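Spelled out, the chains give:
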Amino acid sequence: FPQELVRRGLYWWYRGNAPGDTVLEELEKKAREAKKGLWADPQSVPPWGVAEEEIKIFVAELPEESPAP
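Keep in mind it's a predicted model, so treat the numbers as computed, not measured.

1. Digging into the pattern of salt bridges
Turning to step 1, where the next piece is worked out: A full pass over the atoms with the stated rule returns 3 salt bridges.
Turning to step 2, where the next piece is worked out: Two residues, Arg7 and Glu4, come together in a salt bridge whose shortest N-O distance is 2.4 Å. Note that Arg7 and Glu4 are positioned in helix H1 (residues 2-7) at a spacing of 3 residues, about one turn of the helix.
Turning to step 3, where the next piece is worked out: Measuring nitrogen to oxygen at the nearest pair gives 3.1 Å for the salt bridge that ties Glu28 to Arg32. Of this pair, Glu28 and Arg32 are both found in helix H2 (residues 22-34), 4 residues apart, which corresponds to roughly one turn of the helix.
Turning to step 4, where the next piece is worked out: Glu28 gets classed as buried once you look at its relative accessible area, which sits at 2%.
Turning to step 5, where the next piece is worked out: Taken together, the salt bridges that share partners define one network made up of Glu4, Arg7 and Arg8.

2. Section: the confidence of the model for the protein chain
Turning to step 1, where the next piece is worked out: With 84% of its residues at a pLDDT of at least 70, the protein chain reaches an overall mean of 80.
Turning to step 2, where the next piece is worked out: Of all the helices and strands in the protein chain, helix H3 (residues 50-61) carries the lowest mean pLDDT, 72, while H2 carries the highest, 92.

3. Examining the nonpolar core
Turning to step 1, where the next piece is worked out: Listed in full, the 5 residues of the largest apolar core are Val6, Trp13, Ala18, Leu24 and Leu27.
Turning to step 2, where the next piece is worked out: Other than its neighbours up to four places away in sequence, Trp13 contacts Val6, Ala18, Asp21, Leu24, Glu25, Glu28 and Trp48.

4. A look at H2
Turning to step 1, where the next piece is worked out: Helix length check: H2, at 13 residues, gives a terminal C-alpha distance of 18 Å against a target of 18 Å (1.5 Å per residue), a fit within 8%.
Turning to step 2, where the next piece is worked out: Taken together, the buried residues of H2 touch H1.
Turning to step 3, where the next piece is worked out: Where H2 terminates, the next one or two residues include Lys35, which has phi positive at roughly 55°.

Definitions and cut-offs
- Residues numbered from 1 in each chain as written.
- Predicted model: local features only at pLDDT ≥ 70, side-chain atom pairs only at ≥ 80, totals over all residues.
- Heavy atoms only, no water.
- Salt bridge = Lys/Arg side-chain N within 4 Å of Asp/Glu carboxyl O.
- Helix = DSSP H or I, 4+ residues; strand = E, 2+ residues; numbered from the N terminus.
- Buried < 20%, exposed > 50% of the residue type's maximum accessible area, 1.4 Å probe, protein only.
- pLDDT = per-residue confidence, 0-100.
- Core = buried A, V, L, I, M, F, W, Y, C linked by side-chain atoms within 4.5 Å.
- Contact = heavy atoms within 4.5 Å.
- Expected span 1.5 Å × (residues − 1).

Listed below in structure tokens is the structure:
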């Protein structure tokens, strides 16, 4: 099941859950090269990176602090 999702570019293969899984690694590589599914967007962010990206956006939007008097 995960192999088919990875092959179609519909699933992020998290290496921490399947270290050394060369089948999933190769399927993801081919999906990326073919720009299938998730890989059609050059700026797609993995689910585990979303919180980090949201924090960066939030911090970037904060107003600059005034210097202390």
